[in-house]
Amino acid sequence: MRLNWLFAAVWNLILFSQLLAEPYEWPLDGPPALTSTYAEYRSGRFHAGLDVKTWGKEGYACVAVSDGYVWRVRTSPWGYGKAVYLKLINGRTAVYAHLSGFAEPIEQAVADEQDHRGAYSVDLYLPPGQIPVKRGETVAFSGSTGSGFPHLHFEIRDEKQRPLNPLLNGFRVTDTTQPTLVALAFVPLDAEARVDGRNVPTVRTLTWSGDRWSADPVSLWGRIGLALKVFDRADASALTNRLAPYGLTLMVDEQNIFRSQYDAFSYTQVYEVDLDRSFILNRSGMRGFHNLYVERGNTLPLYGDFPIGSGVLYAGVEARGAGSHLGPGAHSLKITADDAAGNEAIAEVDVAVTRPVWIAGMTATALDKGVIIKARFDRSLEQKRSMIIESSGDLETWKWIKTARVKDEGFATTLASSTGPHYRARFEDGPAAICSVDGSVESGQAWVTSKLLERRSILTIASTEPFASPPSVRVGSKMISVHAVSGSEYEAVIPNETRGSEVRVNAAGLDTTLVLSVRAVRPTGGTLESTDGLATARFGSSNVYHPFEGRVETVKIKDERVQLVGKPYKFE
């Protein structure tokens, strides 16, 4: 008797497990195909489900994916438009949105509520027994309400109404195609960081080499974050729609230092998408990059056991927190992207950790039979390094002259007088400097602008005419490296300080001092205020999920048509 009871209990448990594990019905009466997938970027938020392809048409039958009942119905001219929510027998919720209409008796329940309220928009919750549904039963019809183009937005949510990845929870599409890796970005994260000698994001295009993706090597120094531009395709979508990947992995020298997986998140976290994607690149117009490191303030449950800071590279400098130290020399990066069907794409990129050297001063002086180029470095070089020297007649097209091996505190080299009159010197992995032969250019009107970034400001020193030699920038007694963007534009990087940095800029036609100060605003809130106290921005604790730095400055408006009644300010 006891064995029979135990057998029956085990048998019932097996049957119940099979019932829960049974795949759902596909939500649309049509071939399974997608236009968008889970966790794609949507105007500052995550996409919470699948967009099922309806081939530009409306009116496809939307069917119950499992037994259950109608729990909620909404109608609105925007957002999800017409939407129905089914509570399933396993406790989960299926959501169908952008519908053209509902099946009876759902349509009648909505019409009665609209008549009762005297309004089109309703949000109606129904008791469990009012409208039961069976698996495969038509509950609605696909449309375009709230979106403007025909498709079915479908979600599967857990018992706490958290959207789950449907492709991992009983819904499948035909997919034998690996993700496509487009580009890898290297992002400096503070004032000391350099990528190929500069403090600006550098993007390497990834190319297919037969069995994996690769890119040209890159030189790194300091605190660096990586970001990957990637998309997936599925056979069932006719390979035309670009979908989001399921998982991303970053390895350095065969050590796994980062992993993200788009399994589930909460609706309270959808706006943290700008911490999962690269906000820095997005702000610069380079969209679609996934961070391969965990940003400060990121509470998303996408990274397993990897804590804040994981994935950050500390190239040549001491690692802090969960970041990874890379010593001087060569290292290999391996990036893997995979989709929900298990297809994966791999990229391998070589990096070199090299402390950058910048050219602190450079001149070109005409001789009787040539030109002598002299330059000094910011520090003495103990070992020889390659320096490329080029000339130009218009500061746009550059011609290689020689590659010199240099060391110690600088170099001097004599060139033929047929070259020039403009010269550029640059290390293969460092910033460049440009100078012109004495008297070949006139001094122009020069000016300085600043751009606030995380933990630093980028100064741009520009002139209406080329600079005869590189500008000098000092913070106190410290010389700051400058990089030639062009013959008439240089950039310098200044660490942000709350007490303010007094920056002295000296160049032909320019001798000025700036005071750059910032205030930190944290998730607990904060205030930005102008020095005169007349312009203020306040942030509450509910407004900020990532700490940032800001400042308020007075600006000049040169438009004579504008009649000012007070000071104009710039909040940055």
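A look at the overall build of the chain
And step 1. When you go through the chain residue by residue, the secondary structure sums to four helices and 43 strands.
And step 2. Overall, the C-alpha framework of the chain stretches about 105 × 65 × 45 Å when taken along its three principal axes.
And step 3. A buried classification covers 50% of the 572 residues belonging to the chain.
And step 4. Counted over contacts in the chain with a minimum sequence separation of 6, partners at least 24 positions apart contribute 62%.
And step 5. Of the roughly 27400 Å² of accessible surface on the chain, a fraction of 50% belongs to carbon and sulfur atoms.

Quick notes on the packing of aromatic side chains
And step 1. Applying the stated criterion across every chain, the model contains 15 aromatic pairs.
And step 2. Look at Y24 and F171: their rings are 4.9 Å apart centre to centre, the planes differ by 5°, and that puts the pair in the stacked class. Placement of the pair is Y24 in the loop between α1 (2-21) and β1 (34-36) and F171 in the loop between β11 (163-164) and β12 (180-188), with a sequence separation of 147 residues. As far as burial versus exposure is concerned, Y24 and F171 are alike and both buried.
And step 3. Between W71 and Y85 the ring centres are 6.2 Å apart and the planes differ by 80°, which places this aromatic pair in the edge-to-face class. Pair noted here: W71 is in strand β4 (residues 68-75) and Y85 is in strand β5 (residues 82-88), with a separation of 14 residues, a long-range link.
And step 4. The exposure class assigned to W71 is buried, which follows from its relative accessible area of 18%.
And step 5. Given the relative accessible area of 1%, Y85 is considered buried.
And step 6. A connected cluster of aromatic rings, assembled from ring pairs, spans Y24, W26, Y96, F154 and F171.
And step 7. The positively charged end of R385 is found above the aromatic ring belonging to F427, 5.2 Å away from the centroid.

Structural notes on the sheet that holds strand β37 (residues 510-516)
And step 1. Spatial ordering of the open sheet is given by β33-β32-β36-β37, a layout of four strands whose pairing is antiparallel. Taken across any chain shown, the strands that pair with only one partner, and hence form the sheet edges, are β33 (478-480) and β37. When strand polarity is set aside, the average angle formed by the axes of neighbouring strands in this sheet is 25°.
And step 2. Note that strand β36 (residues 501-507) and β37 share seven bridges and pair antiparallel. Bridging across to β37, S501 finds its partner in L516.

Brief notes about the pattern of salt bridges
And step 1. What the rule picks out here adds up to 24 salt bridges.
And step 2. Two residues, R551 and E553, come together in a salt bridge whose shortest N-O distance is 3.4 Å.
And step 3. Of the residues examined, E553 reaches a relative accessible area of 21% and is grouped as partly exposed.
And step 4. One salt-bridge network, in which partners are shared between bridges, spans R551, E553, K570 and E572.

Side note on a nonpolar patch on the surface
And step 1. Residues V555, I557, V562 and L564 make up a contiguous nonpolar surface patch of roughly 300 Å² in combined accessible area.
And step 2. Take V555: its relative accessible area is 31%, and that puts it in the partly exposed class.

Regarding the pairing of strand β10 (residues 152-157)
And step 1. The buried fraction of β10 is high, at six of six residues.
And step 2. Where burial is concerned, the two faces of β10 agree: the one with L152, F154 and I156 and the one with H153, E155 and R157 are both buried.
And step 3. Sheet analysis places strand β2 (residues 50-52) next to β10, joined by three bridges and oriented antiparallel. When the bridges of β10 are listed, L50 appears paired with F154.
And step 4. Sheet analysis places strand β6 (residues 93-102) next to β10, joined by five bridges and oriented antiparallel. Following the sheet pairing, A94 is matched in β10 by I156.
And step 5. Of the pairings in the sheet, the one linking β10 to β11 comprises two bridges and is antiparallel in character. In the strand pairing of β11, I156 is matched with L164.
And step 6. Between β10 and β11, which pair antiparallel in sequence order, lie five residues; one of them, Q161, sits at a positive phi of approximately 65°.

Some words on the sheet that holds strand β31 (residues 456-463)
And step 1. Pairing in this open sheet of four strands is antiparallel, and the strands run β30-β31-β35-β34 from one edge to the other. Unpaired on one side and paired on the other, β30 (446-453) and β34 (482-486) mark the two borders of the sheet. Along the sheet, successive strands turn relative to each other by an average axial angle of 25°, direction set aside.
And step 2. Summarising the sheet, β31 and strand β35 (residues 489-495) pair through seven bridges and their orientation is antiparallel. Bridge pairing in β35 places S457 opposite I494.

Regarding the environment of C435
And step 1. Along the chain, C435 turns up in strand β29 (residues 432-436).
And step 2. Separated by 381 residues in sequence, C435 and T54 have C-alpha atoms that sit 61 Å apart.
And step 3. Filtering out sequence-adjacent residues up to four positions away, C435 remains in contact with M362, T363, A364, P421, H422, Y423, A468 and S469.

Quick look at the side chain of S278
And step 1. Inspection of the secondary structure puts S278 in the loop between α3 (273-276) and α4 (279-283).
And step 2. Excluding residues that lie within four positions of it along the chain, S278 makes contacts with A227, F289 and N291.

Remarks on the pairing of β30
And step 1. Residues A446, V448, S450 and L452 point to one face of β30 and are all buried, whereas W447, T449, K451 and L453, pointing to the other face, are not buried.
And step 2. Two elements, β30 and β31, share eight bridges in a ladder whose sense is antiparallel. In the strand pairing of β31, K451 is matched with I458.
And step 3. The loop that links β30 with its antiparallel partner β31 comprises two residues; one of these, R455, has a positive phi angle of about 70°.

Cut-off values and rules
Residues numbered from 1 in each chain as written. Predicted model: local features only at pLDDT ≥ 70, side-chain atom pairs only at ≥ 80, totals over all residues. Heavy atoms only, no water. Helix = DSSP H or I, 4+ residues; strand = E, 2+ residues; numbered from the N terminus. Buried < 20%, exposed > 50% of the residue type's maximum accessible area, 1.4 Å probe, protein only. Contact = heavy atoms within 4.5 Å. Areas by Shrake-Rupley, 256 points an atom, 1.4 Å probe, with all protein chains shown as cover. Phe/Tyr/Trp six-rings, centres within 6.5 Å; stacked < 30°, edge-to-face > 60°. Lys NZ or Arg CZ within 6 Å of the ring centre and 35° of its normal. Pairing = 2+ DSSP bridges. Axes fitted to C-alpha atoms, helices over the stretch in contact; angles between N-to-C directions. Salt bridge = Lys/Arg side-chain N within 4 Å of Asp/Glu carboxyl O. Patch = residues over 30% accessible without salt bridge, like charges linked within 9 Å, V, L, I, M, F, W, Y side chains within 5 Å.

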